[in-house]
Amino acid sequence: MLERIFENGLWNSRFIILLAVIFGLIGAILLFVVASFDVFETAKFVINTYITNSHPEHFHEEVVGGIIGAVDLYLIGVVMIIFSFGLYELFISDIDPAKDKDGCENQLLAVHSLDQLKDKISKVIVMVLVVGFFQKVGLATYSGALDLLYLALSITAVSVGLYFLSKVGKSH
């Protein structure tokens, strides 16, 4: 009897995961809202620039930086959504609305193990890092040929890394 009560309590303790799920979704929503405001502010800046006909010195870099910064926040929001969906499916229950009328699940957010959740999240995190890298590259100043060589080598390294990342988890 005592064993059964303990095991039921232990099994039901998995519902503490709901805190991570709920607050992960709240975090995702907040990131989407902040990123959307960033895009809105960038749009206002562009419209103001053309209306007043005052073209700032680094106008294009600022616009691209604002948009890429928003993309970065959107991607982190996606990480939070994948995290929330994955934890819920792993510890609580399958998400029934994510299945089609035949009962087949949507593979975009389907998670069946912690390794699968880790792989999905890590791929999006790498994309966040790549986007952040290109945002920094776009705002950097280059003073000579050596700086441009470093830029080319760093872009090559990122490309090679993305190539190998795309091969992870795929079987031939």
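The structure this text deals with has already been given above.
Conventions we followed
- Residues numbered from 1 in each chain as written.
- Predicted model: local features only at pLDDT ≥ 70, side-chain atom pairs only at ≥ 80, totals over all residues.
- Heavy atoms only, no water.
- Phe/Tyr/Trp six-rings, centres within 6.5 Å; stacked < 30°, edge-to-face > 60°.
- Buried < 20%, exposed > 50% of the residue type's maximum accessible area, 1.4 Å probe, protein only.
- Helix = DSSP H or I, 4+ residues; strand = E, 2+ residues; numbered from the N terminus.

(A) Representation of the packing of aromatic side chains. The final tally for this structure, using the stated rule, is 4 aromatic pairs. Judged by centre distance (5.6 Å) and plane angle (85°), the ring pair of Tyr-50 and Phe-59 falls under edge-to-face. Tyr-50 sits in the exposed class, given a relative accessible area of 52%. We classify Phe-59 as buried; its relative accessible area is 3%. Residues Tyr-163 and Phe-164 carry aromatic rings whose centres are separated by 5.3 Å and whose planes lie at 70° to one another, so their mutual orientation is edge-to-face. One aromatic cluster in this structure is built from Phe-45, Tyr-50 and Phe-59.

(B) Quick peek at unusual backbone geometry. The phi dihedral of Asn-53 falls on the positive side, at around 55°, and the residue is not glycine. Mapped onto the elements of the fold, Asn-53 is located in the loop between α2 (17-52) and α3 (59-91).

These figures come from the coordinates and say nothing about function on their own.
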